[in-house]
Amino acid sequence: MHPADKGVEFLNKASDSTIDAALRPPSFRDFTGQTKTVERLVIMVGAAKARSQALKHILLSGPPGLGKTTLAFILGHEMGKNVRITSGPVIEKPSDLAGLLTNLEEGDILFIDEIHRINKNVEEYLYSAMEDFRIDIMIDQGPNARSVRLSIPSFTLIGATTRTGLLSAPLRSRFTLQTRLDHYGVQDLTHIILRSANLLNLSIELPGAQEIAARARGTPRIANNLIHFVRDYAQQRADGKITQEIAAAALELLEIDAQGLDEMDKRILLTIAQNFNGGPVGISTIAIAVSEEANTLEEVHEPYLIQEGFLQRTSQGRILTPKGYYCLGLKANTKEQLELGCS
């Protein structure tokens, strides 16, 4: 059996979580988009392998779902090393960090997601681990307290964060490479969707893939999630083939419009327009009005709305833009807003 056929057979039998993991590109060659970041990483990997040394520490930043974890796995694959995954909130005590570091092997990669949420006391222990590959742990308390120095293998720390500004300057300065991942264009997302559809053994037309890509908010994770629902819709309401019409109908059922706005996005915009005369209005007030947590609005919905020009954030609060009014089908407050319209 051809290796590709084995992969399809495996995916057909696998659970959804296994399928999602299998959709991750295993190498730089298979990774789409983020050209500058990938070029920087390829250079670092090539140089580290030529010197037979561990990779230097890397900080990946950007909105969720753009491939930070995937890149960590790719780096492990390219270096031929293990990747250990954890997250900032999980490492509560220095002893937790010591347990992770002492179990690493030479050249292994430690990936810490949401590194901006790591405990500040733990962060101080991380400094010596990153620079000198050692960690000093205090044992006992009071008169019997003593410091024990633990040597650890040379390793690579890859930190991932959606909030670079929350990282302390001492921690941020210890990363050799700091690189940001940006939202994807429709062309790159279309390529990702076609690749995922091929791995899932789906029948999909190019216009169908482009329709999904246009509504995926520039995020591969969202695109892959939408593929699963569109596949189910095509199997239940059509012949299983994903066309542009089928993809559009499936996504309309999810209340995701042609510009990628979902039901909550439109509630936020409509609330600002109707309840607060277009703003300015504070995020906490909006959160109460739409019955959602302020952090969720700031981290999940607001970045896309601002990036696409539906919303503007000012020192006084959030303001609905002319494009936001136009796309809601509402009349803008001023003549200038009416003239700008929705591009």
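Quick notes on the rules
- Residues numbered from 1 in each chain as written.
- Predicted model: local features only at pLDDT ≥ 70, side-chain atom pairs only at ≥ 80, totals over all residues.
- Heavy atoms only, no water.
- Salt bridge = Lys/Arg side-chain N within 4 Å of Asp/Glu carboxyl O.
- Buried < 20%, exposed > 50% of the residue type's maximum accessible area, 1.4 Å probe, protein only.
- Helix = DSSP H or I, 4+ residues; strand = E, 2+ residues; numbered from the N terminus.
- Axes fitted to C-alpha atoms, helices over the stretch in contact; angles between N-to-C directions.
- Parallel < 35°, antiparallel > 145°, perpendicular 65-115°, else oblique.
- Left-handed = near helix turned anticlockwise from the far one by under 90°.
- Contact = heavy atoms within 4.5 Å.
- Nonpolar A, V, L, I, M, F, W, Y, C, P; charged D, E, K, R; others polar.
- Pairing = 2+ DSSP bridges.
- Right-handed = clockwise from strand over helix to strand, strands pointing away.
- Core = buried A, V, L, I, M, F, W, Y, C linked by side-chain atoms within 4.5 Å.

Participant: I would appreciate a short explanation of the pattern of salt bridges in the present structure.
Facilitator: Any two side chains of opposite charge can pair, so long as their charged atoms come close to each other. In total, this model carries 16 salt bridges according to the counting rule given. With a closest N to O distance of 2.7 Å, Glu211 and Arg215 form a salt bridge. Relative accessible area serves as the criterion here: at 5%, Arg215 is assigned to the buried category. The salt bridge partner of Arg313 is Glu302, with a shortest N-O separation of 2.9 Å. Highlighted residues: Arg313 in strand E8 (residues 311-314) and Glu302 in helix H14 (residues 294-307), separated in sequence by 11 residues. The buried category is assigned to Glu302, whose relative accessible area is 3%. The structure contains a network of salt bridges with shared partners spanning Glu298, Glu302, Arg313 and Arg318.

Participant: Sorry if this is basic, but what is going on with the packing of helix H9 (residues 206-214) against helix H11 (residues 244-253) here?
Facilitator: Helix packing geometry: the angle between the two helix axes and the distance between the axes. One way to put it is that H9 packs onto H11 with a least axis distance of 7 Å and a crossing angle of 25°. If you check the angle between H9 and H11, you find them roughly parallel. Between H9 and H11 lies a crossing of right-handed hand. Residue-level inspection shows Pro207, Gly208, Glu211 and Ile212 of H9 in contact with H11, the latter providing Gln244, Ala247, Ala248 and Leu251. Looking at the contact of H9 with H11, its residues break down into 5 nonpolar, 2 polar and 1 charged.

Participant: Any chance you could explain the pairing of strand E2 (residues 83-87) here in plain terms?
Facilitator: On a regular strand, one side chain projects to one face of the sheet and the next to the other, so that they alternate. Both E2 and strand E3 (residues 109-113) contribute to a ladder of 5 bridges, which runs parallel. Its bridge partner being in E3, Val83 is matched across the sheet by Ile109. Once you follow E2 into helix H5 (residues 94-102) and on to E3, the crossover reads as right-handed.

Participant: Honestly, the nonpolar core in this entry has me stumped. Any pointers?
Facilitator: Within soluble globular proteins, side chains that are nonpolar generally end up buried alongside one another. Ranked by size, the top nonpolar core spans 48 residues in total, and within it Ile58 and Leu75 carry the most contacts. Sorting elements by how many residues they give to this core places helix H10 (residues 220-237) first, with 6 residues. Ignoring anything within four residues of it in the chain, the contact list for Leu75 reads Phe28, Leu41, Val45, Leu55, Ile58, Ile109 and Ile158. Counting 23 residues, the second largest nonpolar core, distinct from the first, contains Ala98, Leu101, Ala129 and Phe155.

Participant: Can you walk me through the sheet that holds E3 in this structure?
Facilitator: What the 5 strands build is an open sheet, ordered E2-E3-E6-E1-E7; its pairing is parallel. Both outer strands of the open sheet, E2 and strand E7 (177-180), are each paired with one neighbouring strand and no more. Averaged over all adjacent pairs, the angle separating strand axes in this sheet is 15°, with direction ignored. As defined by bridge partners, E3 adjoins strand E6 (residues 156-161) across 4 bridges and the pair is classed as parallel. Counterpart to Ile109 in the pairing with E6 is Thr156.

All we've got here are geometric facts, nothing functional implied.
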